Amino acid sequence: MSNVILVTGGAGFIGSHLCERLSQDPNNIIFSLDDYSTGSKENHVKKVNYIKGHTKDIEKLIDFEVNTVFHLGEYSRVEQSFEDLDSVWTANKIGTFSVLKFCKENSCRLIYAGSSTKFGDNGNGKNQSPYGWTKASNTELIQNFDNWFGINYAIVYFYNAYGPREIRTGKYSTIIAKFSEQMRKGEQLTVVSPGTQERNFTHVSDIVSGLILVAKSGKGDNYGIGHAKSYNIIQIAEMFGGKIKMLPERKGNRMSAQVHTKKIIDLGWKPNNDIEDYIELLKKNNWDV
């Protein structure tokens, strides 16, 4: 019997890797719903059916039976969320509420990608940015939908994903990809002050493995998918080996985060990749993979 899976944000960085892995199972029929605000057609993979559209319109766009929804299609940048307030609200509140209603009305299993920012700075991270608050409040909404309507859900948290297909340039670029691009161009590595903010860098393939494990066996909240070892941003820049240029501090830039991985480790998950090895691979390949 076929398993029909919808991945919101399936043309994005993590979503495309998830689609690729899911498509390897011949029993899966994969659909992606993406508005291409940060996703790209270059991330399309074979055997996946792509639908262009916003999650707020999910009930109009998805008119077929779905068994599982992986909801990754939200606005996902902390510092930039202060200036993109309308986009944050539309994607993370209106869009996610529409996805929740869709799952309730169609009895879909929901795997929601929460944000580890809510664990940052001893729990204060959830209130430090529009992005952080919308994501943290969504986890509460999902839990209440279960209390009210009995939905089938699990919530995962990614810790600083890196790997192929990251956004390398522009305001949505991620730190590892941005450093790679700056090294390739012979530019200075731009580090937001103070540079001592700690991060747990986790390879996208390990995150996808965690997502699939949780989809199979997880129930409820607190499935953190993150490498146990943390580095501060200056340490990462030093691994790249370029000259460092310090930038002014920015709002919402948390200094630390607790890593909640016990529940996913209990399912049998462990990371198979280290950031040090990835940076060495980038060096060998002229800062690209």
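Residues numbered from 1 in each chain as written. Predicted model: local features only at pLDDT ≥ 70, side-chain atom pairs only at ≥ 80, totals over all residues. Heavy atoms only, no water.

A. Expanded view of the overall build of the chain. In terms of helices and strands, the chain carries ten helices and 13 strands. Computed over the C-alpha atoms, the radius of gyration of the chain is 18 Å, within 12% of the 19 Å expected from 2.2 N^0.38 for a compact globule of 289 residues. If one aligns the C-alpha atoms of the chain with their principal axes, the spans along those axes are about 55 × 40 × 35 Å. Contacts in the chain between residues far apart in sequence, at least 24 positions, make up 77% of those at least 6 positions apart. About 13300 Å² of surface is accessible on the chain, with carbon and sulfur atoms providing 47% of the total. In the chain, 35 side chains carry a positive charge and 32 a negative one; their mean positions are 1 Å apart. (Helix = DSSP H or I, 4+ residues; strand = E, 2+ residues; numbered from the N terminus. Rg over C-alpha atoms; globule rule 2.2 N^0.38 Å. Contact = heavy atoms within 4.5 Å. Areas by Shrake-Rupley, 256 points an atom, 1.4 Å probe, with all protein chains shown as cover. Lys, Arg positive; Asp, Glu negative; His and termini not counted. Charge placed at Lys NZ, Arg CZ, Asp CG, Glu CD.)

B. Representation of the packing of helix α8 (residues 233-240) against helix α10 (residues 275-284). It is at 10 Å that the axes of α8 and α10 come closest, and there the two elements cross at 35 degrees. Between α8 and α10 lies a crossing whose hand is right-handed. Along its contact with α8, which presents I236, M239 and F240, the element α10 presents I275, E276, I279, L282 and K283. Partitioned by chemical class, the residues of the contact of α8 with α10 number six nonpolar, no polar and two charged. (Axes fitted to C-alpha atoms, helices over the stretch in contact; angles between N-to-C directions. Left-handed = near helix turned anticlockwise from the far one by under 90°. Nonpolar A, V, L, I, M, F, W, Y, C, P; charged D, E, K, R; others polar.)

C. Fine view of the pattern of salt bridges. Taken as a whole and judged by the stated rule, the model has 14 salt bridges. Between K135 and E74 there is a salt bridge, with its nearest N and O atoms 2.3 Å apart. With K135 in helix α5 (residues 130-149) and E74 in the loop between β4 (68-71) and α3 (85-106), this residue pair connects regions lying 61 residues apart in the sequence. One salt bridge connects E280 with K283, and the closest N-O pair in it is separated by 3.3 Å. Here E280 and its partner K283 are both found in helix α10, three residues apart, which amounts to about one turn of the helix. We classify E280 as partly exposed; its relative accessible area is 40%. One salt-bridge network, in which partners are shared between bridges, spans R168, E181, R184, K185 and D288. (Salt bridge = Lys/Arg side-chain N within 4 Å of Asp/Glu carboxyl O. Buried < 20%, exposed > 50% of the residue type's maximum accessible area, 1.4 Å probe, protein only.)

D. Broad picture of the side chain of Q197. Relative to the helices and strands, Q197 resides in the loop between β8 (189-192) and β9 (198-199). If we ignore the near neighbours within four places in the chain, the residues touching Q197 are V192, Y231, N232, I233, N253, R254 and M255.

E. Region of interest: unusual backbone geometry. Cis peptide bonds are those with omega within 30 degrees of zero, and the linkage from S193 to P194 qualifies with 10 degrees. Among the secondary structure elements, P194 is positioned in the loop between β8 and β9. The backbone of K47 shows a phi angle near 70 degrees, a positive value even though the residue is not glycine. In this structure, K47 sits in the loop between β2 (28-34) and β3 (48-52). By relative accessible area, which is 69% here, K47 ends up exposed.

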